Amino acid sequence: MTTSDQEIYDLIGVGFGPSNLSLAVALDEAQTPIRAKFLEAQPHFAWHPGMMIPGADMQISFLKDLVGQRNPQSPYTFVSYLHHKGRLNRFINRKTFFPSRVEFNDYLSWVAAQFPVCDYDRKVVGIEAVDHHGAVDAVDVVTRAASGAETRYRARNLVIAPGGVAKFPAFCNDHADDPRVIHAKDYMTSVVSSLRPGERIAIIGAGQSAAEIFADLADRPEAPQLDLIMRGRTIKPSDDSPFVNEIFDPSQTDAFYALPEGARHAALDELAATNYSVVDEDLICTIYEMVYEQSVVAEKRLSIQSDTLVTQLETTGETLALTLSHAGEMRTERYDRIICATGYTRALDQQVLHGIAQYCLKTVPGRDYRLPMADGFAPSVYVQGYSEPTHGLSDTLLSVLAQRSEEIVATLAEAPVQAREIAAE
Ligand SMILES: Cc1cc2nc3c(=O)[nH]c(=O)nc-3n(C[C@H](O)[C@H](O)[C@H](O)COP(=O)(O)OP(=O)(O)OC[C@H]3O[C@@H](n4cnc5c(N)ncnc54)[C@H](O)[C@@H]3O)c2cc1C
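Structural notes, computed from the coordinates.

Cut-offs used in this document
Residues numbered from 1 in each chain as written. Predicted model: local features only at pLDDT ≥ 70, side-chain atom pairs only at ≥ 80, totals over all residues. Heavy atoms only, no water. Salt bridge = Lys/Arg side-chain N within 4 Å of Asp/Glu carboxyl O. Helix = DSSP H or I, 4+ residues; strand = E, 2+ residues; numbered from the N terminus. Buried < 20%, exposed > 50% of the residue type's maximum accessible area, 1.4 Å probe, protein only. Expected span 1.5 Å × (residues − 1). Contact = heavy atoms within 4.5 Å.

1. Focus: the pattern of salt bridges
Thinking step 1. Tallying each qualifying case throughout the model produces 24 salt bridges.
Thinking step 2. The closest approach of N and O atoms between Glu 103 and Arg 87, which form a salt bridge, is 2.8 Å. One end of the pair, Glu 103, is in helix α4 (residues 101-113); the other, Arg 87, is in the loop between α2 (78-85) and α3 (88-93), and 16 residues separate them in sequence.
Thinking step 3. Overall, the relative accessible area of 12% leaves Glu 103 in the buried class.
Thinking step 4. Residue Arg 87 is classed as partly exposed on the basis of its relative accessible area, which comes to 25%.
Thinking step 5. Across the pair Glu 199 and Arg 337 runs a salt bridge, and its minimum N-O distance is 2.7 Å. Placement of the pair is Glu 199 in the loop between α5 (187-191) and β11 (200-204) and Arg 337 in strand β17 (residues 337-340), with a sequence separation of 138 residues. Assigned by exposure class, Glu 199 and Arg 337 land together as buried.

Here it is in structure tokens:
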């Protein structure tokens, strides 16, 4: 194992997705003396590379970029990016708030390239407390490169923002190593690159990713046979109407946080249709047209199997057999591949945090995004994207990045002192 250098960083960030990239910009614009280093598992900046589906649009206004709601005059806004790339006027002519996902990734990559504060190909595999006679004043962050080489970094504070972990349904448990059982997050890299003519593919799920994959595959020249399988009765539209959209305003975080726990649960349930198991209405219409068109020419290549539960997955020779339950009847269907568009879990990786777990009083962060740590543990441990139950639906999205970063920067200067105060509460 090598040690990165002799430097003790004021802050180390785990992951360099939009959350920590936004924080890197906020640190720079606040002109703080904080020396930060971010550690990213991927070999270069890439935002959801496996879901860069051609034609997929953003589900958030470009005005909710990395910085704009905090500092509209920043040189790192999406508008600045467009201007720099010479596309501002043509973007305006499109008359939309929603860039393509490909363009937004290009914007994020453009900002990331201007912040050489990230070491790539550094997957964080462990965090250890640096204990001096019972008092912890720093942490060691252990990373592993694709080559297997390990590097150790030391920091006074941490900000953990590794995003979600792909969630597979239980029927996939015994098939984790089967390359034909794929999560949506790997769609472009694992499916599109090796698609064979006429393949039979099951897509499990009823959310935006499932719908995007269905529509994309349906249009491909390989003409795969597609079953979109979902538990629910139908594909439902996401609610992005103006009053509902107000729940994503950064000003709502305080109001949500102040609610009693039961009321928070109820609010999350009530507003789940803004984000979970729902699909943009224009995509629903596209899919409806596709399925309708094939009925005109009496084809049966595309099928929506709603109200259908997958109960079992078995490997039978060359094919994958799914047992499906619909209206009280069971049947078996055979597929060449199964794509699980079944979402992501957001739980802090206890294996990575193992070395500091004994100091962590709770895995639920406070309003300031810090985990409450035991007395004697000076480093502040912030989390980004892990507070939906306490901070609201915006927390896993791009909606509050700019303000959340600003809040974290504001507390960082005094972080070690305040960490002790939390423990004492
Ligand atoms: C396909 C897709 C489209 C989406 N579209 C939208 C949208 O239009 N609008 C919206 O508001 N939200 C959208 N989201 C939600 C999404 O969570 C946010 O857009 C955003 O990605 C959150 O940023 P993040 O930095 O917290 O997490 P991520 O973007 O997931 O970034 C986390 C980073 O951490 C790295 N990492 C993970 N583990 C480690 C480790 N152990 N060591 C080092 N690095 C690690 C990952 O490689 C990754 O680069 C979308 C999500 C998906 C999956």
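2. Structural notes on α4
Thinking step 1. The end-to-end C-alpha distance of α4 is 18 Å, a good match for the 18 Å that 13 residues give at a rise of 1.5 Å each.
Thinking step 2. Turning to α4, its buried residues number three or more, namely Arg 101, Glu 103, Phe 104, Asn 105, Tyr 107, Leu 108, Trp 110, Val 111 and Ala 112.
Thinking step 3. Taken together, the buried residues of α4 touch α1 (18-29), α2, α3 and α6 (208-218).

3. Considerations on the side chain of Arg 337
Thinking step 1. Since its relative accessible area comes to 6%, Arg 337 is described here as buried.
Thinking step 2. Excluding anything up to four places from it in sequence, Arg 337 contacts Arg 180, Ile 182, Ser 190, Val 191, Ser 194, Leu 195, Arg 196, Glu 199, Arg 200, Ile 201, Ala 202 and Leu 320.

Everything listed here is a matter of geometry and, on its own, says nothing about what the molecule does.
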